[in-house]
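# A closer look at the structure
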Amino acid sequence: MALIKEVDYGTPAAQSQKSVALTIDGVSVSVLEGTSIMRAAMEMGTEIPKLCATDMLQSFGSCRLCLVEIEGRNGTPASCTTPVAPGMVVKTQTPRLKALRKGVMELYISDHPLDCLTCAANGDCELQTQAGAVGLREVRYGYDGANHFDEVKDQSNPYFTYDPAKCIVCNRCVRACEEVQGTFALTIDGRGFESRVAAGQDEPFLESECVSCGACVQACPTATLTEKSVIAIGLPEHSAVTTCAYCGVGCTFKAEMRGEELVRMVPYKDGKANHGHSCVKGRFAWGYAAHRDRILKPMIRASISEPWREVSWEEAIGYAASEFKRIQAAYGKRSIGGITSSRCTNEETYLVQKLIRGGFGNNNVDTCARVCHSPTGYGLKTAFGTSAGTQDFDSIDDMDVMLLIGVNPTDGHPVVGSHMKKRLREGAKLIVIDPRRIDLVRTPHIEADYHLALKPGSNVAVLTALAHVIVTEGLVNEAFVRERCDWSEFQDWAAFVSEPRNSPEEIEKISGVPADLIRGAARLYATGGNAAIFYGLGVTEHSQGSTTVLAIANLAMATGNLGRPGVGVNPLRGQNNVQGACDMGSFPHEFAGYRHVSDDATREVYESLWGVEIDHEPGLRIPNMLDAAVEGAFRGIYIQGEDILQSDPDTHHVAAGLKAMECVVVQDLFLNETANYARVFLPGSTFLEKDGTFTNAERRIQRVRKVMSPKNGYGDWEITLLLAKAMGFDMHYAHPSEIMDEVARTTPSFAGVSFARLDELGSIQWPCNAAAPEGTPVMHIGHFAAGKGKFVITEYVATDERTGPRFPLLLTTGRILSHYNVGAQTRRTANVAWHPEDRLEIHPHDAELRGINDGEWVKLHSRAGETTLRALITDRVAPGVVYTTFHHPVTQANVVTTEFSDWATNCPEFKVTAVQVSRSNGPSEWQESYRKQAEQSRRILTNIEAAE
């Protein structure tokens, strides 16, 4: 396996459809109009020397190495900034050009440390390469003049160093920060010979606005910006293309290795979701794979009060299976179940639900999508006929208006957030509906046209008010609605939204959003051109989550913003394979491909293939499993790669349910919070240690490739096979590709998917079948999957969770850039440098009323429970609203969240909790008792203790 080298064409590809013929070095070539001479030469195999140019950035023309001669023109123009022209005759190598390039390179080298043999970039340095390319053999100016050799290295960032002594001021890092990331954290400080790159206000990188996405490091042609892992380990010698295991963007990376040691993750330019960009998590936060906390041997214990005992795989699997069999014999076949993982591959998820349906003999299978995006499945399937987003991320380039509701892309989906910022800088308009001022409301070079800072829980009311304006002001795309939707249902819906009680003026009383802002936003969305809606957990994690998704679908259909690039409804999934987990049949009522378990024909497909009878009744959802456990009817569970004790609502109830079970089997990388109540622990494997596929938020199926041997001995898919065999339900697969082949045989939307096809195309967006052999980037072109689009009346029903004298504030929750979900992975990396603890954001007015100062400990109290954390006083939240993240288990934010959930799917209402905030002296008694319990439950016997 060799190191994958990507071709750098120097400048971006032209977007024209017209060709231009010219001659380069005596060879006739034809390229697209607008192509630079540099790129045209590279496409024919001639590499013109360059330092400031790279095809990830717009041409700049500062290094003066890429000079060429053009017949009939004076001078020597830069090939990167000079576009081709019909009949142009170009020479890339002449005595004059050679002399000029050598002279330029001499100037660079005269002010560059000559420590190549000990430099971390030796062998991977463009300055070194180009010095050889121009034939530089001596430097006439010597090395005794003015130089920058004594510049101090900045090592503040935990992942990379900045050595200004090696900077050639090519501006590539500055331009990458602007053009690719959109943070504008870097600049060139000083003038002339004193010019150098500076972060923020000439601060250390760690203290600046830098978000550590790595774009600057990737762009740097020298060792000025270098990964600390490369400095420590050395340059990689082989690589493989794989998919990030963090958020639902699904970025493609080259995992670059030395032997079985990962050196770095480099964003892959051909990645269809990220196009060579990344965030701090995917780019740098992979150290958890080798963290000392990782459990590598199976463990069992007779009760949760005992310490863990390391055992063989055979004993652990045998014990788990025997306990599950015992429980079913005593309490019935429906007394056990399982939870699939949105962090595992499609193939592994498919196997878990197959084990439960075929081996356990019931449909008691659920997934973390229950607590995040289950309303998406219900709402979009009802309206459009398909439980997924309608567009690909590339559609952002064609958007004129973006409406963001309940989503924070720059923190939760950073690469998509950067893509949005780029489009907004180009002139697209932005509407943000969020109780909190997210970064996209106002950030360098971007400002939202409308920020509707609504009261948490009033999403449906505000969306219906938007619809009111669109209908009553005649802004409906009637032609689209008549052709594509059920007209009678539309008329009923239009009459409903037109009622005076749904006007912006009336909804202002409910939501707190000024009526004129609602009217302006509605007009912009309906008339601004291609308009798209993006949403996240701020939509779905409500008691009316499904209603809100339906309201979003109604808006898109009413304005005709579906079925073409640049429009659509786009749910941004939180975890890397939430979409795939749902696709693979992880819900208790659905097989893979969202087909109901009561459908006889679908059940027959699986029964004949698996050789078992499958229950036609839907199984238990996660909340129902916990309720049944407390009642004594549900006694055992197999949990693969989920931490429900930290991620699910009402922590006390989750703990009670787990404690009531007789056998909890946890399969994960670390002893997570749920493992406090486990009796069997099966060590899992990371995405670096297995083959498979993930499906991202745009329905894009991508390969995950094994780059190292599983440190625990098995891939997660193999562990499930072992458990299934021990349960008497033997499943035979030699490789994950065979599992996907079974999915394709049994699931119409995946009929054309295979590992071979994915290797050939790079990725595929389902549905992929005979009608769409290369997949479907944009859904619902010409017609909806269900035939006619379905308008549904979305009556606003206030949540049962109300503020009052005891609990006057509303708590809402979310994520932060540096961490992922419950933090099990990112907390075991240097990302804790940015977010070492969860903080409670509180408005200055509310803080002053309570005598709270910034950084002080506060008690967060609801009717469900209480916890403590430190305050962060900020006007990002409105008066009456507080906000926190949930990445640190010591906070246990879900101790205060309630049992209220979405009416259709049981998705918990994380985003609306009535609370009180008061001063505190530190961690609560409950937190201290929990900490002690966790420490006790994670104790592992030493070899001596185990022998005794």
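Structure: see above.
Presented here is an overview of the structure given in this document. Owing to the predicted nature of the structure, the values given are computational and were not obtained by experimental measurement.

Moving on to the overall build of the protein. Each helix and strand in the protein was counted, giving 30 helices and 36 strands. For the protein, the C-alpha radius of gyration of 29 Å lies close to 30 Å, the compact-globule estimate for 948 residues. Each principal axis of the C-alpha atoms in the protein carries an extent, and together these give about 90 × 80 × 65 Å. Residue pairs in contact within the protein that sit at least 24 positions apart in sequence constitute 73% of those at least 6 positions apart. Entry remark: accessible area of the protein is about 33800 Å², with carbon and sulfur atoms responsible for 50%. Within the protein, the 116 negative side-chain charges are centred at a point lying 1 Å from the centre of the 93 positive side-chain charges.

A few words now on the pattern of salt bridges. Considering all chains together, one arrives at 59 salt bridges under this definition. Residue E841 is joined to R436 by a salt bridge in which the shortest nitrogen-to-oxygen separation is 2.8 Å. You can see E841 sitting in strand 32 (residues 839–842) and its partner R436 sitting in the loop between strand 17 (429–433) and strand 18 (442–443), a full 405 residues away along the chain. Assigned by exposure class, E841 and R436 land together as buried. Salt bridges here are not isolated pairs; linked through shared partners, they connect E6, D124, E227, K254, E256, R264 and R283.

Another point: the pairing of strand 1 (residues 19–24). Each regular strand shows side chains that alternate between the opposite faces of the sheet. Only one face of strand 1 is buried, namely the one carrying V20, L22 and I24, since none of S19, A21 and T23 on the opposite face is buried. By the bridge criterion, six bridges tie strand 1 to strand 2 (residues 27–32) in an arrangement that is antiparallel. Opposite A21, over in strand 2, you have S30 as the bridge partner. Turn length for the strand 1-strand 2 hairpin, with the two strands adjacent in sequence and antiparallel, is two residues, and the turn residue D25 shows positive phi of about 50 degrees. When strand 1 meets strand 4 (residues 89–91), the two strands line up parallel, connected through two bridges. Following the sheet pairing, T23 is matched in strand 4 by V89.

So, on to the nonpolar core. Of all hydrophobic cores here, the largest spans 68 residues; its most connected members are F160, L225, M402 and F534. With four residues, the single largest contributor to this core is helix 12 (residues 414–425). When neighbours within four sequence positions are excluded, M402 is seen to be in contact with I396, M420, R423, L424, A428, K429, L430, I431, A532 and F534. One finds V352, C582, Y594 and C768 within the second-largest nonpolar core, a separate group that totals 59 residues.

This next bit is on helix 15 (residues 487–497). F490, W493, A494, F496 and V497 are the residues of helix 15 that are buried. Buried residues along helix 15 cover an arc of 160 degrees about the axis, so they all sit on one side. Buried residues in helix 15 make contact with helix 13 (459–472), helix 14 (478–484) and helix 19 (545–558).

What the four strands build is an open sheet, ordered 2-1-4-3; its pairing is mixed. At either end of the open sheet lies a strand with only one pairing partner, and these are strand 2 and strand 3 (69–70). In terms of strand pairing, strand 3 meets strand 4 through two bridges, oriented antiparallel. By the bridge assignment for strand 4, I70 is matched with V90.

Moving on, we get to the side chain of D583. With respect to the element layout, D583 can be found in helix 20 (residues 578–583). Despite being buried, D583 has no salt bridge partner; R573 is the closest side chain of opposite charge, sitting 6.4 Å away. In terms of polar contacts, D583 uses its side chain to reach the side chain of W766, at 2.8 Å. Excluding its chain neighbours within four sequence positions, the residues that come into contact with D583 are A592, G593, Y594, T695, F750 and W766.

Together, L114, Y143 and F149 make up an exposed nonpolar region whose accessible area comes to about 280 Å². Y143 gets classed as partly exposed once you look at its relative accessible area, which sits at 34%.

With that settled, consider the packing of helix 13 against helix 15. The N-to-C vectors of helix 13 and helix 15 enclose an angle of 105 degrees; their axes lie 8 Å apart at closest approach. The orientation of helix 13 with respect to helix 15, classified from their angle, is roughly perpendicular. Of helix 15, the residues touching helix 13 (which contributes T464, A467, H468 and V471) are W493, A494, F496 and V497. Looking at the contact of helix 13 with helix 15, its residues break down into six nonpolar, two polar and no charged.

This brings us to unusual backbone geometry. P767 follows W766 through a cis peptide bond whose omega is 5 degrees. If you trace the backbone, P767 turns up in the loop between strand 30 (763–765) and strand 31 (809–814). Even without glycine at this site, R64 takes up a positive phi of about 65 degrees. Secondary-structure assignment places R64 in the loop between helix 1 (37–43) and strand 3. Look at R64 and you get partly exposed, because its relative accessible area is 35%. A positive phi angle, near 50 degrees, is found at V169, a position not held by glycine. Checked against the element boundaries, V169 lands in the loop between strand 5 (160–162) and helix 4 (172–181).

This part covers the packing of aromatic side chains. The final tally for this structure, using the stated rule, is 22 aromatic pairs. When the ring of F160 is compared with that of F205, the centres are 5.4 Å apart and the planes differ by 85 degrees; the resulting orientation is edge-to-face. Note that F160 is positioned in strand 5 and F205 in the loop between strand 7 (196–199) and helix 5 (215–219), a separation of 45 residues in sequence. Aromatic side chains Y606 and W610 sit 4.9 Å apart centroid to centroid with 50 degrees between the ring planes, which places their arrangement in the tilted category.

Following both chains from N to C, one finds helix 13 and helix 19 inclined at 15 degrees, their axes separated by 9 Å at the closest point. One finds that helix 13 runs roughly parallel with respect to helix 19. Relative to helix 19, helix 13 is oriented so that their crossing is left-handed. Facing helix 13, whose interface residues are N459, V460, L463, L466, A467 and I470, helix 19 presents T547, T548, A551, I552 and L555. Tallied by class, residues from the contact of helix 13 with helix 19 come to eight nonpolar, three polar and no charged.

A few words now on the pairing of strand 35 (residues 881–885). Among the five residues in strand 35, five count as buried, and that is most of the element. Side chains of strand 35 alternate between two faces, with V881, Y883 and T885 and V882 and T884 buried alike. Here five bridges tie strand 31 to strand 35, and the two strands are oriented parallel to one another. Counted as the bridge partner of T812 is Y883 from strand 35.

The rules behind each value
Residues numbered from 1 in each chain as written. Predicted model: local features only at pLDDT ≥ 70, side-chain atom pairs only at ≥ 80, totals over all residues. Heavy atoms only, no water. Helix = DSSP H or I, 4+ residues; strand = E, 2+ residues; numbered from the N terminus. Rg over C-alpha atoms; globule rule 2.2 N^0.38 Å. Contact = heavy atoms within 4.5 Å. Areas by Shrake-Rupley, 256 points an atom, 1.4 Å probe, with all protein chains shown as cover. Lys, Arg positive; Asp, Glu negative; His and termini not counted. Charge placed at Lys NZ, Arg CZ, Asp CG, Glu CD. Salt bridge = Lys/Arg side-chain N within 4 Å of Asp/Glu carboxyl O. Buried < 20%, exposed > 50% of the residue type's maximum accessible area, 1.4 Å probe, protein only. Pairing = 2+ DSSP bridges. Core = buried A, V, L, I, M, F, W, Y, C linked by side-chain atoms within 4.5 Å. Arc of directions from axis to C-beta. Polar contact = N/O pair within 3.5 Å; in protein donor to acceptor, adjacent residues only side chain to side chain. Patch = residues over 30% accessible without salt bridge, like charges linked within 9 Å, V, L, I, M, F, W, Y side chains within 5 Å. Axes fitted to C-alpha atoms, helices over the stretch in contact; angles between N-to-C directions. Parallel < 35°, antiparallel > 145°, perpendicular 65-115°, else oblique. Nonpolar A, V, L, I, M, F, W, Y, C, P; charged D, E, K, R; others polar. Phe/Tyr/Trp six-rings, centres within 6.5 Å; stacked < 30°, edge-to-face > 60°. Left-handed = near helix turned anticlockwise from the far one by under 90°.

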